[in-house]
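# Results of the structural survey
This is what each chain is made of:
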Amino acid sequence: MLAVKINKVSKYFKNNGARFDALKNLSINIQKGEIFGVLGANGAGKTTLLNCINGMLIPDKGNIKIFGKELAKNRKILEKMNSVSGETRFHWNLSANQILNFYCMLYKVPKAEREKRIKGLISDLEISEFMDKKFTTLSTGQRVRLVLAKSLINHPKLLLLDEPTLGLDPDIAIKVRKKICDVRDKYNTTILLTSHYMHEVEQLCDRIAFLHKGQLIDIGSVKDVKTSKFNTYKIIIDIKNPKKAPLQRMGFKVRGKQITKQLKHDQDISKVLSELVKGGYKIIDMEVKKPSLEDYFVKMLK
Ligand SMILES: Nc1ncnc2c1ncn2[C@@H]1O[C@H](COP(=O)(O)OP(=O)(O)OP(=O)(O)O)[C@@H](O)[C@H]1O
Ligand SMILES: [Mg+2]
């Protein structure tokens, strides 16, 4: 059974009387236990999609099944889900501690377990210093960490993370990413994530989808998607004894002791190196420059 089945979903908004298509006939299958990244430029429809999955929005066409059931007909699925969004707000007058306790009640965490569960999250997300502060007095990063703690309180089977590390210090962002992986490993949680940090997506996601103006453009493993738009990659080699003319005949660009060559994405690098060794060249250093997800993202938006 799939964790999430997005079937021909369209979502329209009215903008000054005119219809605006935020999602267009979108179909995506997400497997159980996957960390799935949704990528796209500002306004591509990522948050709209996550809000259709968590029931905040209702698709105008198509349907979404979560663990085989439609949310519209089975609101109980919400108990197995949780989400993080920049939009999340809590009552201004409640302290962080009261907020986590409130959500424990809401998600029916047994009373005997509550204290232990909250303590675990406080330690994992390093939020102890502001547990007694009221929500309105928290900084942006503190709020994000509190929202993350709230999102893990029910050990969700499906977790929707809309830009979960936005505004966090790099050291806390690293810990949050580790926590996301731990949650998946420990509870086999399926995680849907949007992020503008491409290194984060590369590090966390098993598969990604790229949306453009509400339409699905690419879907697959990070590696497959990013290489699909690039046929070549570059190798940069430093050699001790370069001989310009013979190296140029081998297809290298020669600049002092540094030589470079564009290889086809499926071309075997060891052949190139053994040719150099056979030619009597002494390799000092080597760098392989493969396209990054950031290169892919930039290329898609050109
Ligand atoms: N309630 C709404 N009413 C009208 N238009 C909306 C509404 N919510 C979203 N939109 C429009 O739908 C489009 C998709 O918005 P969405 O928030 O899903 O984008 P996004 O991919 O999450 O962008 P970002 O990267 O900036 O978060 C945008 O053009 C936005 O203006
Ligand atoms: Mg968004």
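Residues numbered from 1 in each chain as written. Chains lettered and ligands numbered in written order. Predicted model: local features only at pLDDT ≥ 70, side-chain atom pairs only at ≥ 80, totals over all residues. Heavy atoms only, no water.

### Focus: the pattern of salt bridges
Applying the stated criterion across every chain yields a total of 16 salt bridges. Between E202 and K226 there is a salt bridge, with its nearest N and O atoms 2.8 Å apart. Within this pair, whereas E202 is found in helix α6 (residues 198-204), its partner K226 is found in helix α7 (residues 222-228), the two being separated by 24 residues in sequence. Taking relative accessible area as the criterion, E202 reaches 29% and is therefore assigned partly exposed. Judged by its relative accessible area of 15%, K226 is buried. (Salt bridge = Lys/Arg side-chain N within 4 Å of Asp/Glu carboxyl O. Helix = DSSP H or I, 4+ residues; strand = E, 2+ residues; numbered from the N terminus. Buried < 20%, exposed > 50% of the residue type's maximum accessible area, 1.4 Å probe, protein only.)

### Overview of the layout of surface pockets
Within this model, the largest pocket holds a volume of roughly 410 Å³. N54, M56, S83, T88 and K150 are the residues nearest the centre of the largest pocket, which is lined by 17 residues in total. Among the secondary structure elements, those contributing two or more residues to the lining of the largest pocket are α1 (46-53) and β6 (81-84). If one sorts the elements of the lining of the largest pocket by residue count, β6 sits on top with three residues. Its residues assigned to classes, the lining of the largest pocket comprises five nonpolar, eight polar and four charged. (1 Å grid on protein atoms, 1.4 Å probe; cavity = no way out; pocket = protein on both sides within 12 Å on 5 of 7 lines; lining within 4 Å. Points joined across faces, edges and corners; volume = space filled by probe spheres on them. Nonpolar A, V, L, I, M, F, W, Y, C, P; charged D, E, K, R; others polar.)

### A closer look at the domain arrangement of the chain
Partitioning the chain into domains gives domain 1 (4-227) and domain 2 (230-301). Between the C-alpha centres of domain 1 and domain 2 there is a distance of 41 Å. At the junction of the two partners, domain 1 supplies 15 residues and domain 2 supplies nine residues. Regarding the contact of domain 1 and domain 2, the summed buried area is about 1100 Å², with carbon and sulfur atoms giving 74% of it. Its largest share of buried area at the contact with domain 2, domain 1 owes to M198, F210 and K226, together 49% of the area lost on that side. For the pair domain 1 and domain 2, the number of links is zero salt bridges. Linking domain 1 to domain 2 there are three residue pairs in polar contact (both at pLDDT 80 or more). (Domains from an automatic or database assignment. Contact = heavy atoms within 4.5 Å. Buried area = accessible area lost by both parts, 1.4 Å probe. Polar contact = N/O pair within 3.5 Å; in protein donor to acceptor, adjacent residues only side chain to side chain.)

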